[in-house]
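Okay, here's what each chain looks like letter by letter:
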Amino acid sequence: MAKKVLILMADTGGGHRACADALRTAISTRYAGVLRADAIDVWSQVAPWPLSRAPRASQPLVDRAPWLWRRIYEAGESPRITEAIFDAVWYWTRRRALAFVEQHCPAVVVSVHALLQDIPLRALSEWRQLSGRAVPFVTIVTDLVSTHPVWFDRGAALCIVPTDEARGQALRAGLRPDKVRQYGLPIRPEFARVALEKHHARRRLGLRADLPLVLLLGGGEGMGRMEEIAQAVATLLAGEGFGRGFPASQLAVICGRNRCLQQRLSRRSWPIPTAVRGFEDRLWEWMAASEFAITKAGPSTIMEACASGLPLLLSGYVPGQEEGNVKYVVEKGAGSYASEPETIAEIARSWLRAGSPRLDAMARRARELSRPDAASAIADDVAALAGAESG
Ligand code: UDP
């Protein structure tokens, strides 16, 4: 019977789910019949109420009161505070956590969420005392540069990091160098594989094949000032064409799970052809069709864009965990950052006007940053810990 790998995540935003899916796919293709990987949304499937609501409740906070989110994030950097919180959560969730481990009997547990190290490790340690079975635990750090201290727990058998910066932080946090592996962020393989010419990709999406496409994203939840940015970009780009019937470019706005935004934008009339969509399962097709992406600095979106060779115009970031991503992208030459919609529109116009040389250089830099094999490398390490050989 196939051994079980549990991937712990939270189904908020889109990044954790995307990393978990990438790893699950890599495990099931490389170790078919030998390993079986399941992604578990720990909050909704394991945590008691009202903890089960915590990630969803925090989402509007991040979007609408980022200053408060920053305070909470920074307060959590104090080990005294996090220890006290984890002690309380453990007291509250211990029975459920142990019952969950007993029910699944995993060969390896993997976490792709910052808050899912301490409590799962306590559960596995107690499970070992009760059953005599040791279950290795793997941390996959899904923040690129600004990594919160709660990621780094010495109880993990392996800590997998995406960048030099994250590796440095893991070592400074006291992890043993042989336990820290740098493979990149796991992304779904299609991002690096789509080999369509842009105009073919646009036609497949039902867009105008002849017009360059600007892609506007806001992560899985459609966060940030997307509405204002879409308006500013469409207005400025409309001035580049020969009037309403003869635009020089087009826009796609992917609202993710933000239905209100999708409805509002769908009702508008736009001065250039504008496709408004909700959550798109095949985002790689949109990236393949675009000249560049305007997006908040979400780690998965950044690495997916890099794998697609897509320059990035970063328009915002979640305070704390996404802050370092901006510097990372800009310093590595894969894109730019601006927060005001008018400035973003100016940059978008200049990138389209400048033509391919500038965009080509950024696209090249983006590809150089990408690590499309990360998920396979991680799958191999997980399989080794599970004592499994490929099927
Ligand atoms: N995503 C998607 N379809 C959408 C919008 C987003 O598949 O319509 C995915 C995107 O490909 C990426 C993730 O959602 O994998 C967003 O992750 P990121 O880390 O950028 O930001 P988060 O949403 O976690 O804040």
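Since the model is a prediction, treat every value here as computed from it, not as a measurement.

**Quick word on the site of the ligand**
Phase 1: Among the 20 residues in the neighbourhood of the ligand, the closest are listed as G220, E280, K296, T301 and E304.
Phase 2: Taking 540 Å² as the accessible area of the ligand by itself, protein coverage stands at 94%.
Phase 3: Of all the elements in the fold, those that place two or more residues in the shell around the ligand are helix 1 (15–30) and helix 13 (299–307).
Phase 4: For the shell around the ligand, a count of residues per class yields six nonpolar, 10 polar and four charged.

**Comments concerning the packing of aromatic side chains**
Phase 1: Tallied over the full model, the rule gives three aromatic pairs.
Phase 2: Seen from their ring centres, F191 and W284 are 5.5 Å apart, and the 85 degrees between their planes marks the pair as edge-to-face. Taken together, the residues span a long stretch of sequence, with F191 in helix 8 (residues 190–193) and W284 in helix 12 (residues 283–289) at a distance of 93 residues. Of the two residues, F191 and W284, neither departs from the other in class, the shared state being buried.
Phase 3: On the numbers, 6.1 Å between centres and 45 degrees between planes, the contact of Y317 with Y337 is tilted. One end of the pair, Y317, is in the loop between strand 11 (312–316) and helix 14 (323–331); the other, Y337, is in strand 12 (residues 335–337), with 20 residues separating them in the sequence.
Phase 4: Owing to a relative accessible area of 34%, Y317 belongs among the partly exposed residues under this scheme.

**Things to note about the sheet that holds strand 6 (residues 180–182)**
Phase 1: Reading across the sheet, the six strands line up as 2-1-3-4-5-6 and stay open at both edges, with parallel pairing between neighbours. Two strands bound the open sheet, and with one partner strand each, they are strand 2 (35–41) and strand 6. Between one strand axis and the next, the sheet turns by 20 degrees as a mean value, whatever way the strands run.
Phase 2: Against the sheet, helix 7 (residues 164–172) contacts strand 5 (158–161) and strand 6, and its axis sits at roughly 175 degrees relative to strand 6.

**Considerations on the pairing of strand 3 (residues 108–111)**
Each regular strand shows side chains that alternate between the opposite faces of the sheet.
Phase 1: Burial of strand 3 is two-sided: the residues V108 and V110 facing one way and the residues V109 and S111 facing the other way are all buried.
Phase 2: In terms of strand pairing, strand 1 (residues 3–9) meets strand 3 through four bridges, oriented parallel. Looking at strand 3, one finds that L8 is bridged to S111.
Phase 3: Looking at chain direction, strand 3 and strand 4 (residues 137–140) are connected through three bridges and run parallel. Within strand 4, the residue paired with V110 across the bridge is V138.
Phase 4: In terms of handedness, the path from strand 3 via helix 6 (residues 118–131) over to strand 4 forms a crossover that is right-handed.

Here is what the cut-offs are and how they apply
- Residues numbered from 1 in each chain as written.
- Predicted model: local features only at pLDDT ≥ 70, side-chain atom pairs only at ≥ 80, totals over all residues.
- Heavy atoms only, no water.
- Near = heavy atom within 4 Å.
- Areas by Shrake-Rupley, 256 points an atom, 1.4 Å probe, with all protein chains shown as cover.
- Helix = DSSP H or I, 4+ residues; strand = E, 2+ residues; numbered from the N terminus.
- Nonpolar A, V, L, I, M, F, W, Y, C, P; charged D, E, K, R; others polar.
- Phe/Tyr/Trp six-rings, centres within 6.5 Å; stacked < 30°, edge-to-face > 60°.
- Buried < 20%, exposed > 50% of the residue type's maximum accessible area, 1.4 Å probe, protein only.
- Pairing = 2+ DSSP bridges.
- Axes fitted to C-alpha atoms, helices over the stretch in contact; angles between N-to-C directions.
- Contact = heavy atoms within 4.5 Å.
- Right-handed = clockwise from strand over helix to strand, strands pointing away.

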